[in-house]
Amino acid sequence: MNFYIRTNANKKIGLGHLSRSLKLAEHCSNNGHNVEIILDRKEELLKNFFRKKIKFTFLYKNKKYLNEALDIELLKKHIKKNSIMILDDYRFGYVWQKKIKQYTSKLILIEDQNIKDSFADILINSNPKFLDEKNYVNRNKFSNAVFLLGPKYAIVNKIKKKKFLSNKKNITFYLGGSGDLAHIHRIINNLKEVINKKNFVLNIIVGPLSKNIDKIISLKKNIKNLIIHKDKTNLTDILRSTDILIASSGMILAEAAIYKIPSICFQLSPNQIIEDKYLEQIGYYINLDKKFLSDHNNLKKLIYKILSISLRFNKIFPSKFNIDTNGVSRIFKAINSNNLSDNNSLSDLKKREFKVVNDTSINSYLTARNLLMNRINSSNKKKINKIEHYLWWLQSKKNITTVTQNKKNLMFIRNDILKLKNVYYCLNGFVVANKAINGLDVIWGLKKNLDYLNQKYRNLILLSVVKKTNKFANMHTKFLNYYLYDNRSKQINKILKSRFKNLEKLNVYVNKQKPSYEF
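Here's what I pulled together on the structure shown here. (Residues numbered from 1 in each chain as written. Predicted model: local features only at pLDDT ≥ 70, side-chain atom pairs only at ≥ 80, totals over all residues. Heavy atoms only, no water.)

Here we come to the pairing of strand E11 (residues 244-248). Across the five residues that make up E11, a large majority, five, are buried. Where strand E8 (residues 169-174) meets E11, four bridges bridge the pair, whose relative direction is parallel. By the bridge assignment for E11, tyrosine 174 is matched with alanine 247. As judged from the four bridges shared by E11 and strand E12 (residues 263-267), these two strands associate in the parallel manner. Bridging across to E12, leucine 245 finds its partner in serine 263. Following the backbone out of E11, through helix H7 (residues 252-259) and into the adjacent parallel E12, one traces a crossover that is right-handed. (Buried < 20%, exposed > 50% of the residue type's maximum accessible area, 1.4 Å probe, protein only. Helix = DSSP H or I, 4+ residues; strand = E, 2+ residues; numbered from the N terminus. Pairing = 2+ DSSP bridges. Right-handed = clockwise from strand over helix to strand, strands pointing away.)

Describing an aromatic ring pair means giving the distance of the ring centres and the angle of the ring planes. Taken as a whole, this structure holds 17 aromatic pairs when the rule is applied. Seen in terms of ring centroids, tryptophan 392 and tryptophan 393 are 5.8 Å apart; in terms of plane orientation they differ by 75°. Their pairing is edge-to-face. Assessed through its relative accessible area of 28%, tryptophan 392 is described here as partly exposed. Take tryptophan 393: its relative accessible area is 1%, and that puts it in the buried class. What links up through ring pairs into an aromatic cluster is the set Tyr60, Tyr65, Phe92 and Trp96. Between the NZ or CZ atom of arginine 91 and the centre of the ring of tyrosine 65, over which it lies, the distance is 4.3 Å. The ring of phenylalanine 142 carries lysine 101 above its face, with NZ or CZ at 4.2 Å from the centroid. (Phe/Tyr/Trp six-rings, centres within 6.5 Å; stacked < 30°, edge-to-face > 60°. Lys NZ or Arg CZ within 6 Å of the ring centre and 35° of its normal.)

Moving on, we come to the pattern of salt bridges. Scanning the entire structure with this criterion turns up 15 salt bridges. The salt bridge partner of arginine 6 is aspartate 71, with a shortest N-O separation of 2.8 Å. Separated by 65 residues along the polypeptide, arginine 6 in strand E1 (residues 2-7) and aspartate 71 in helix H2 (residues 68-78) bring together distant segments of the chain. A single burial state applies to arginine 6 and to aspartate 71, both of which are buried. Taking the shortest distance from any N to any O, the salt bridge between arginine 414 and aspartate 416 comes out at 3.1 Å. In the salt-bridge network here, residues are joined through shared partners; they are Arg6, Asp40, Asp71, Asp89 and Arg91. (Salt bridge = Lys/Arg side-chain N within 4 Å of Asp/Glu carboxyl O.)

Attention now moves to the nonpolar core. Among the nonpolar cores identified, the biggest contains 47 residues, and Ile171, Phe173, Ile264, Leu288, Leu302 and Ile303 are the most heavily contacted of them. In this structure, leucine 302 is in contact with Ile264, Ile286, Leu288, Ile387, Tyr390, Leu391 and Leu394, ignoring residues within four places of it in sequence. The next biggest cluster of nonpolar side chains, apart from the first, holds 33 residues, and it includes Ala9, Cys28, Phe56 and Ile110. (Core = buried A, V, L, I, M, F, W, Y, C linked by side-chain atoms within 4.5 Å. Contact = heavy atoms within 4.5 Å.)

Okay, H7 next. Along H7, eight of the eight residues are buried, which leaves the element largely enclosed by surrounding structure. Along H7, the positions that sit buried rather than exposed are Ile252, Leu253, Ala254, Glu255, Ala256, Ala257, Ile258 and Tyr259. Next to the buried residues of H7 lie E8, helix H6 (236-239), E11, E12 and helix H8 (276-279). A positive phi of about 55° marks lysine 260, the residue just after H7.

A few words now on helix H15 (residues 439-456). The end-to-end C-alpha separation of H15 is 26 Å, in line with the 26 Å expected for 18 residues at 1.5 Å each. Between the side-chain oxygen at the start of H15 and the backbone nitrogen of leucine 440 there is a gap of 3.0 Å, and the oxygen is on asparagine 438. (Expected span 1.5 Å × (residues − 1). Polar contact = N/O pair within 3.5 Å; in protein donor to acceptor, adjacent residues only side chain to side chain.)

The strand order across the open sheet formed by six strands is E10-E9-E8-E11-E12-E13, and the pairing between neighbours is parallel. The two strands at the open ends of the sheet, each matched to only one other strand, are strand E10 (226-230) and strand E13 (287-289). For this sheet, the mean inter-axis angle between neighbouring strands, taken without regard to orientation, is 15°. Examined bridge by bridge, E8 and strand E9 (residues 200-206) share five bridges and lie parallel to one another. Of the residues in E9, the one forming a bridge with isoleucine 171 is leucine 202. (Axes fitted to C-alpha atoms, helices over the stretch in contact; angles between N-to-C directions.)

Taking strand neighbours across the sheet as the criterion, the seven strands line up as E3-E2-E1-E4-E5-E6-E7 in an open arrangement whose pairing is parallel. The open sheet has two edge strands with one neighbour each: strand E3 (55-58) and strand E7 (146-149). Taking each pair of neighbouring strands and ignoring which way they run, the sheet shows an average axis angle of 20°. With five bridges connecting them, E1 and strand E4 (residues 83-88) associate as parallel partners. Along E4, the bridge assignment pairs threonine 7 with aspartate 88. Running at roughly 165° to strand E2 (residues 34-39), helix H1 (residues 16-30) makes contact with E1, E2, E3, E4 and strand E5 (104-110) of the sheet.

The phi dihedral of aspartate 231 is positive, around 60°, even though this residue is not glycine. Along the polypeptide, aspartate 231 turns up in the loop between E10 and H6. The class of aspartate 231 is partly exposed, set by a relative accessible area of 48%. Notably, asparagine 422 is not glycine yet its phi reads approximately 65°, a positive angle.

Helix H11 (residues 327-337) packs onto H1 with a crossing angle of 60° between their chain directions and a minimal axis gap of 10 Å. When the axes of H1 and H11 are compared, the pair comes out oblique. Relative to H11, the crossing made by H1 is right-handed. Across from Lys23, Leu24, His27 and Cys28 in H1, the residues of H11 making contact are Val328, Ser329, Ile331 and Phe332. When its residues are assigned to classes, the contact of H1 with H11 shows five nonpolar, two polar and one charged. (Parallel < 35°, antiparallel > 145°, perpendicular 65-115°, else oblique. Left-handed = near helix turned anticlockwise from the far one by under 90°. Nonpolar A, V, L, I, M, F, W, Y, C, P; charged D, E, K, R; others polar.)

Time to look at the side chain of aspartate 40. Turning to its location among the elements, aspartate 40 is positioned in the loop between E2 and E3. A polar contact of 2.7 Å, which involves the side chain of aspartate 40, links it to the side chain of arginine 91. With residues up to four places along the chain from it excluded, the contact list for aspartate 40 reads Arg6, Thr7, Asn8, Phe58, Leu59, Tyr60, Lys61, Tyr65 and Arg91.

Right, dumping it as structure tokens:
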């Protein structure tokens, strides 16, 4: 069978499409098929991607790509009939796909975003969002199409068994095949004093289309144990000894997830933007926007903190789906059999539940805390900075509970515990996480939270501090055996003054475990 793969790579779109196309091409070739990868033009910087057993064709030679119609005209003269076309290129939409199908037996589309209409026999999208196939919107116009969804279809390299260096910590930086290395230069410059004092190895992976390579080379003069990796098409040997990865949220994440590497991920381009709750499915909980690349001081703190917990990182932040290296073989099997593979589904409806949260709620708690409805009732009306939230979460002891329904958070209750003279004081408050919540849900959750705290602590005094203007927060206290505090306790007064400004605008409520307890 003849396989053609239409894809492209350049400084604008990077190397991800070509990299995964090549892995798929090699698998098809190893199984006895003729494979040809079709690119726009021959780029000297891509020479390490060219393989002897894979034929490469450059459709435009010295010309430039102009439009889909011209591309079809050139392509149809080149391909053989009844062949299989694999498309991994954002430029070619529904019209191009429908036309090319006239000249092929099957069209396989690899996509990432699920935003465009398509006309493919088989559609592949390994985004972790689609572990639950209900999240996928069917925009494909070809009937009886096969959908291969979720990270079980991630196209990654075969891996070797991971080994850790016993006496050095390896920090690896990679911003994609065409990333701007000026960002890495600035981060490392901020780290260099500590790096040279401690036993670190810095791995900088330089893509063939990377910018500002000279800045990285200049670092070698002043930094020990800095290794620059150039012209690498397979990163497994670097990843298998990495203790912390600082990388763009591109295709490297699928491979790093196999090794369960503690990571700080940056979403640098539109196709890398994935909601936290979906990246968490494969073990990525520390996910930042591009703007945080410039927050060097907090990044330094975050890197050190993750290194300090790296040995237990995967217990704190477990993945819910384990990626393996069989994605390519699953795709190849589907191309040849056209049988729809079973997709993992996370849909498991449950009734309202109360539970103590663990570190996997690091992002969902922040999302709730930053909702406008919660900031309105907070003393701090500004959105909380994400990287500062990560630092607070990783550095502090927390006692947070939640109410969930159908696996979705309805609310979070934060309990700040302080022990003084064998008495526990708890300041608690809640934030709404879902607009679907109602008053009964709130009261049910707060009651469950009180029961939980009273079982866990003896000699407990609970304090609830709310704005006088917050009608619901003041009203619901009567259902929870709270009463308005009368300012008789010196200890409580001291706690309140240290925590709150403008106490005259706040109501303070008290719920005691033992009504006879003297303040």
